[in-house]
Amino acid sequence: MNEKGYSLVLVMLTVTVFFIIGLTILSVSIYQAKFTQVRIEDVTSLHDAVKNVEETIAELKVKVEQLTLSTPAQLDLDLGNAQAGFLNELMNRHGVTIEDITDAKGIVRNQLFTRVFRISAPYGKKVVTREVIITNAPSFLKYALGSRENVTLNGGAYIDGNIYAGKNIYITNVANYIYNSTLYSVQTSFPTTSEKSILFVEGNRYACDHGNGAKSCYTISNEFTKNMNDFSSSSLSFQYQGPSVQKEQEEFIDVNFDLTLKDKLLSAAGIDAFDQSKQTQYQNLISLPLSELIEQVKSSFVTVVVNDLIDLSTALEGAIASGKSIFLDTSTIHYFDISSLTLNDNQWLIVNGDLTLENAGNSPLQISGNIIVLGNLTITGEVAFDSTVYVNGNTSIYNTTISGLNGKEVVLLTKGELEIARVNEFTNNFSLTTPNLKGFFYTDSNAVMYAVGSYVNIEGGLFARGNSSIIPYTDENGLIINTYRGETSDSGTNLSFQAPISSEEEQKQYARFVVKHNKDVFINRGLGLPLVKQLAVIVDELRVIE
């Protein structure tokens, strides 16, 4: 009897256990089905929100590209707002909200064609949002690195931003350099980009892997000559992370340097391109040769002559107080011997001659205001800028640290050669997040960068418009970057190199040439940016906000 009772209990216990297991499996299956359905709905909701934002931006681009620039007020009428007009139509059509944050960005609405909008769409309890900037700025400011001609990346640069090659791009894992007038080449890594970087290339793509001497990317004699037999066509080589590749679909808005320089001189004299009451005067003056234009408007400026007989700081202080732009004659002394310069809004410093900017003592030379240099510019030492600078000659930047001022940066455009050399030479303290050159650097000519012994970290961009001339010691035009990845030192007879011993992902932090793009330039620089009579839409990255 007892054994039968135990058997009954065991059977009931077994049935109960299997019943519980069955219920558990059933509840898990139901939960997974519900979770899957919620996940599908969540993904669908995200897709719809992103789609609505992107379609809104696409329509906005089409509208903006069709607009004719006349006045900033007319731009606002053409776009409308959230309550009425084109922007209101977009909101209703795509179920998005469009917030005008132009004023919050500190943009002078009645003087500039720059507008900033935040476009958002709901995504469950979250919001998908993207900021767009409408501006009449030139296209080179959209890229971290580029040229209208060829782009050559020799060695292990790190690029966080988009790259533009108007013709071909060449990529190798060797860095060329010149030591005591002798040409050398050293094997290093290929470049690396950020995950979001895009390479816009209008021509062909070529890559060469030195392969510890298996191939020779360059022949060295009196110049660095590419061995095209060792380059693979339609190919790209990057270390660890490379960019996506596509052709630029938007029209490239170029800089007409000569026209822009004359436009800024007229603006400094109070004659604006978009002032309807001064159009006849503007058109008559801007058609003149540069020297004649200067003679015509010189009386609108306050003249200061730099010589040993004046105290420059006192003279500039009085000129700034006049409210007029300043015509600085540096034909005798081109050294700018002051500790700081702060111009008023709409006030320019026009330098008639060469200019050297260098700090005195341990504090940076602080420059706040826009500058036109009619000769050559040299920057050395520590200089902090909140400026746009136009140089009609050549620009040399060496042994320097260029920082921002007032949370802003420098946009430097030079018609002649742009030379950036001996920046933090043989410094082996690396940081991807600490720039030593903050700004955008543009040349109307070709440019070559040797960051083999130097350590160059740009927050902004570097662009060489380029021409048909061949860069000295090379067989190429456009923009050439030569850079080593790792530690370097000067042995006295040549450079010494130490490659990083770490994973490919971590090696990017040892790049001796770093450039990180910064879109804030479209907002910060305002009236100082080059004259462009065409609008473009600059799109920031997509964000999901809780």
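Everything here concerns the structure above.
On a predicted model such as this, the values are computed, not experimentally measured, just so you know. (Residues numbered from 1 in each chain as written. Predicted model: local features only at pLDDT ≥ 70, side-chain atom pairs only at ≥ 80, totals over all residues. Heavy atoms only, no water.)

For the structure on display, the rule yields 20 aromatic pairs. Geometrically, the ring pair formed by tryptophan 348 and tyrosine 390 is tilted, given 6.2 Å between the ring centres and 35 degrees between the ring planes. A residue pair is termed long-range when its members are at least 10 positions apart, and tryptophan 348 in strand 21 (residues 348-352) and tyrosine 390 in strand 25 (residues 377-391) qualify at 42 residues. Taking the relative accessible area as the measure of exposure, tyrosine 390 reaches 0% and is therefore buried. Chaining the aromatic ring pairs together yields one cluster made of Phe140, Tyr143, Tyr164, Phe200, Phe252, Tyr442 and Phe463. Lying over the aromatic face of phenylalanine 274, lysine 533 brings its terminal NZ or CZ to 5.8 Å of the ring centre. (Phe/Tyr/Trp six-rings, centres within 6.5 Å; stacked < 30°, edge-to-face > 60°. Helix = DSSP H or I, 4+ residues; strand = E, 2+ residues; numbered from the N terminus. Buried < 20%, exposed > 50% of the residue type's maximum accessible area, 1.4 Å probe, protein only. Lys NZ or Arg CZ within 6 Å of the ring centre and 35° of its normal.)

What follows covers the state of the cysteines. A covalent bond bridging the sulfur atoms of two cysteines is what the word disulfide describes. Evaluation of the coordinates by the stated rule reveals one disulfide. One disulfide bridge connects cysteine 208 with cysteine 217, the sulfur atoms lying 2.1 Å from each other. Taking the torsion about the S-S bond as the criterion, the cysteine 208 to cysteine 217 disulfide, at about -90 degrees, is left-handed. For the pair cysteine 208 and cysteine 217, a shared accessibility class is recorded, and that class is buried. (Disulfide = S-S within 2.5 Å.)

We now examine the sheet that holds strand 5 (residues 151-155). Spatially, the six strands line up as an open sheet ordered 16-13-8-5-32-30, and their pairing is mixed. Whereas interior strands pair on both sides, the edge strands pair on one side only; in this sheet they are strand 16 (232-233) and strand 30 (447-451). The pairing of strand 30 with strand 32 (residues 479-483) spans five bridges and is classified as parallel. Within strand 32, the residue paired with alanine 447 across the bridge is leucine 479. (Pairing = 2+ DSSP bridges.)

A word on the pattern of salt bridges. All chains considered together, the criterion is met by 23 salt bridges. Aspartate 100 serves as the salt-bridge partner of arginine 109, at 2.4 Å between the closest nitrogen and oxygen. Here glutamate 250 and lysine 142 are joined by a salt bridge, their closest N and O atoms 3.2 Å apart. Here glutamate 250 is found in the loop between strand 17 (244-246) and helix 4 (257-268), whereas its partner lysine 142 is found in the loop between strand 3 (126-135) and strand 4 (145-147), with 108 residues between them in sequence. The class for glutamate 250 is partly exposed, based on a relative accessible area of 22%. (Salt bridge = Lys/Arg side-chain N within 4 Å of Asp/Glu carboxyl O.)

Let's shift gears to the side chain of asparagine 227. With respect to the element layout, asparagine 227 can be found in the loop between strand 15 (224-226) and strand 16. Within the structure, the side chain of asparagine 227 is placed 2.7 Å from the backbone oxygen of serine 216, a separation counted as a polar contact. In this view, asparagine 227 contacts Ser216, Cys217, Tyr218 and Thr219; residues no more than four positions away in its chain are not counted. (Polar contact = N/O pair within 3.5 Å; in protein donor to acceptor, adjacent residues only side chain to side chain. Contact = heavy atoms within 4.5 Å.)

Attention now moves to unusual backbone geometry. We note that serine 181 has phi near 70 degrees; this positive angle belongs to a residue other than glycine. Position of serine 181 relative to the elements: it lies in the loop between strand 9 (174-179) and strand 10 (182-187). Take serine 181: its relative accessible area is 70%, and that puts it in the exposed class. Non-glycine residue asparagine 346 carries a positive phi angle of around 65 degrees. Considering the arrangement of structural elements, one finds asparagine 346 in the loop between strand 20 (340-342) and strand 21. Classification of asparagine 346 by relative accessible area gives partly exposed; the value is 49%.

Turning our eyes to something else, we now look at the pairing of strand 8 (residues 169-172). Burial along strand 8 is two-sided: Ile169 and Ile171 and Tyr170 and Thr172, pointing in opposite directions, are all buried. Both strand 8 and strand 13 (residues 205-208) contribute to a ladder of four bridges, which runs parallel. Pairing of isoleucine 171 across the sheet is with alanine 207, part of strand 13.

Bridge count between strand 13 and strand 16: two bridges; the pairing is antiparallel. Pairing of alanine 207 across the sheet is with serine 232, part of strand 16.

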